[in-house]
Amino acid sequence: MPNPAVNPFAPTFGAPPPLFAGRGDILRRFDSALDTGPTHPDYTLLITGERGTGKTALLNVLEARCAERGWQSITAAASTESLSTRITNEAQRLLADLAAESRRPRLSSISALGVSIEMVDEGHRDGAPAGASLLTTLERLAEVLQEIGAGLLITVDELHDAERDDVRDVASAVQIVTRRKQRPLAFAAAALAFIENTHLADANMTFLQRCARARLDALDSADARRAIRQPIQDSSSDIDGDALDEAVAATLGHPYMIQLVGFHAWEMRTNSAASVSVADVRAGIVEADHAMVGQIAGPIWNRLSVMDRRFLVAMLDDGDDSALPDIADRIGRDLQYTRVYRRRLLSAGAIDDRNGARVAYRHHALRKRAQNAVLEDPSLSPSNR
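Before going into details, it helps to say that this report is about the structure given with it. Keep in mind it's a predicted model, so treat the numbers as computed, not measured.

1. Some details on the packing of helix H12 (residues 324–331) against helix H13 (residues 335–347)
Each packed pair of helices is defined by two parameters, the angle between the axes and the distance between the axes. Where H12 meets H13, the axes come as close as 9 Å, and the angle between the chain directions of the two elements is 105 degrees. Between H12 and H13, the angle is such that the two are roughly perpendicular. For the pair H12 and H13, the contacting residues are Leu324, Pro325, Ile327, Ala328 and Ile331 in the first and Leu335, Thr338, Arg339 and Arg342 in the second. A class-by-class count of the residues in the contact of H12 with H13 yields six nonpolar, one polar and two charged.

2. Considering the packing of helix H11 (residues 306–314) against H13
Relative orientation of the contacting elements H11 and H13 amounts to 95 degrees, with a least axis distance of 10 Å. When the axes of H11 and H13 are compared, the pair comes out roughly perpendicular. Residues Met307, Asp308, Phe311 and Leu312 of H11 form the contact with H13, whose own contacting residues are Tyr337, Thr338, Tyr341, Arg342, Arg344 and Leu345. When grouped by side-chain class, the residues that make up the contact of H11 with H13 number six nonpolar, one polar and three charged.

3. Comments concerning the sheet that holds strand S2 (residues 72–77)
Spatially, five strands are ordered S2-S5-S6-S1-S7 in an open sheet, and the strand pairing comes out parallel. The strands lining the two open edges of the sheet, one partner per strand, are S2 and strand S7 (212–216). For this sheet the average axis-to-axis angle between neighbouring strands, irrespective of direction, equals 15 degrees. Strand contacts of helix H1 (residues 24–36): strand S1 (44–49), strand S5 (152–157), strand S6 (185–191) and S7, with the helix running at about 155 degrees to S7, the strand carrying the most contacts.

4. Overview of the environment of leucine 260
Here leucine 260 is to be found in helix H9 (residues 255–268). With residues up to four places along the chain from it excluded, the contact list for leucine 260 reads Pro11, Ala288, Ala291 and Met292.

5. Considering the pairing of S6
Remember that side chains alternate between the two faces of the sheet whenever the strand is regular. With seven of seven residues buried, S6 is to be regarded as a mostly interior element. Here S6 shows no split at all, with Leu185, Phe187, Ala189 and Ala191 on one side and Ala186, Ala188 and Ala190 on the other all buried. Two elements, S1 and S6, share five bridges in a ladder whose sense is parallel. Note on S6: the bridge partner recorded for threonine 48 is alanine 191. Summarising the sheet, S5 and S6 pair through five bridges and their orientation is parallel. The residue bridging threonine 155 from the neighbouring strand is alanine 188, located in S6. One crossover worth recording links S5 to the parallel S6 by way of helix H5 (residues 164–180), and it is right-handed.

6. Remarks on the environment of leucine 159
Position of leucine 159 among the secondary structure elements: in the loop between S5 and H5. Remark: the alpha-carbon pair of leucine 159 and alanine 189, spanning 30 residues in sequence, is separated by 6.6 Å.

7. Observations regarding helix H7 (residues 221–234)
Counted at 1.5 Å a residue, the expected span for H7 with its 14 residues is 20 Å, and the 20 Å between its end C-alpha atoms agrees. Burial in H7 covers these residues: Asp223, Ala224, Ala227, Ile228, Pro231 and Ile232. For H7, the secondary structure elements touched by its buried residues are helix H8 (241–251) and H9. Capping the start of H7, aspartate 220 holds a side-chain oxygen 3.2 Å from the backbone nitrogen of alanine 222, two or three residues further along. Positive backbone phi, approximately 65 degrees, marks serine 236, located one or two places after H7.

8. Notes on the side chain of asparagine 7
For asparagine 7, the location among the structural elements is in the segment before H1. Exposure remark for asparagine 7: the relative accessible area of 14% places this residue in the buried category. For asparagine 7, the side chain forms a polar contact with the main-chain oxygen of phenylalanine 263, separated by 2.9 Å. Contact partners of asparagine 7, with chain neighbours within four places excluded, come to Phe263, Trp266 and Glu267.

9. Remarks on the packing of aromatic side chains
Scanning all chains against the criterion turns up three aromatic pairs. Consider the rings of tyrosine 337 and tyrosine 341, whose centres lie 5.1 Å apart with planes at 35 degrees: the pair is tilted. Placement of the pair is tyrosine 337 and tyrosine 341 together in helix H13, with a separation of four residues, close to one helical turn. Looking at tyrosine 341, the relative accessible area reads 15%, which means it is buried. Its end group placed over the ring of tryptophan 266, arginine 269 keeps NZ or CZ at 3.7 Å from the ring centre.

10. Concerning unusual backbone geometry
Only a minority of non-glycine residues have a phi that is not negative, and only a minority of peptide bonds are not trans. The residue serine 236 is not glycine, and still its phi comes out positive at about 65 degrees. Relative to the helices and strands, serine 236 is located in the loop between H7 and H8. In this structure serine 236 comes out as partly exposed when scored by relative accessible area, which is 47%. Of note, leucine 252 is a non-glycine position whose phi angle comes to about 55 degrees, a positive value. Residue position: leucine 252 is located in the loop between H8 and H9. Classification of leucine 252 by relative accessible area gives partly exposed; the value is 48%.

11. A short note on the nonpolar core
Phe311 and Leu312 are the most contacted members of the largest nonpolar core, which totals 54 residues. Among the elements that line this core, the one with the most residues is helix H10 (residues 278–302), at eleven residues. Judged by nonpolar contacts, the second largest core, of 37 residues, contains Ile87, Val167, Leu200 and Phe207.

What counts as what
- Residues numbered from 1 in each chain as written.
- Predicted model: local features only at pLDDT ≥ 70, side-chain atom pairs only at ≥ 80, totals over all residues.
- Heavy atoms only, no water.
- Axes fitted to C-alpha atoms, helices over the stretch in contact; angles between N-to-C directions.
- Helix = DSSP H or I, 4+ residues; strand = E, 2+ residues; numbered from the N terminus.
- Parallel < 35°, antiparallel > 145°, perpendicular 65-115°, else oblique.
- Contact = heavy atoms within 4.5 Å.
- Nonpolar A, V, L, I, M, F, W, Y, C, P; charged D, E, K, R; others polar.
- Pairing = 2+ DSSP bridges.
- Buried < 20%, exposed > 50% of the residue type's maximum accessible area, 1.4 Å probe, protein only.
- Right-handed = clockwise from strand over helix to strand, strands pointing away.
- Expected span 1.5 Å × (residues − 1).
- Polar contact = N/O pair within 3.5 Å; in protein donor to acceptor, adjacent residues only side chain to side chain.
- Phe/Tyr/Trp six-rings, centres within 6.5 Å; stacked < 30°, edge-to-face > 60°.
- Lys NZ or Arg CZ within 6 Å of the ring centre and 35° of its normal.
- Core = buried A, V, L, I, M, F, W, Y, C linked by side-chain atoms within 4.5 Å.

Structural data, given as structure tokens:
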């Protein structure tokens, strides 16, 4: 039975939300791919989206669905250790475990009258040779898993941060084992949306370019309402109607913001037995906004050039959206030059396009980050140059 004292929300990057709302179509596509095999386009899947849209959590769910089928998983992420090294080492470990498992004797028969016990060895499964390449190791592992009716899922998180040559090595090996050899090796990677203009723009990345896409965007209002209300109700509590309306409006359907608002609104209750009120939600929104500025807007802002930042600061004078000619005038550049930075900021996930001639902040946390930046560095403001 749920503990009403335990906060049901999980505003932690990579943590599965209490209700995985709005992603049912992607999960159905992946299940269909596993049922069909390597010929299904979604057997190799590239998940893209901005920070906080649930990419890592989705990878975790895909791994869990594979585990339910008896599959093995190898998880890698861009880090100091190369992806190819990490995957090779994990694949060799799995092969060693499978080889050791096959050498264990199994009880075959017992003769009670003759007091005899017969043990049989189920056979030996070879591992990969010492120092074997990534390709050789994955080929052998996928072959062994296929023999026992299982398969392998490789997941790669933060693919955009991996070295391009390293990504090519992994992609080449997976392509050969999955597409050419038709072995049960599925692949799912997650990346920020700007990977379309970096790794995927590389002519040698044909495998990644051909991976099926799953773009994670904001949830619609119905899914956002379910994602807030249902965890609260599942925890033997409730949320007032007006409070739910304000919570949904404040999150803009952003999955991480949903978890933040839900978490802080729940914490703001003075009575653990009471429903979440409008006052609780409003206080929770303030806390959530602070977190979004630091954890979502901050990493985006830190990747931007000085002119990118000036473009965003120039939008502060407007309301919901900004016209490109106005921005060009404020930053002191012509319209063609301004369009170049519009494309850069769209790729970085900082702004949204409004009919080609107008733009808006992707999330209000970026507006607040731009406001803070002017206080830190007044030279970013057009009026101070």
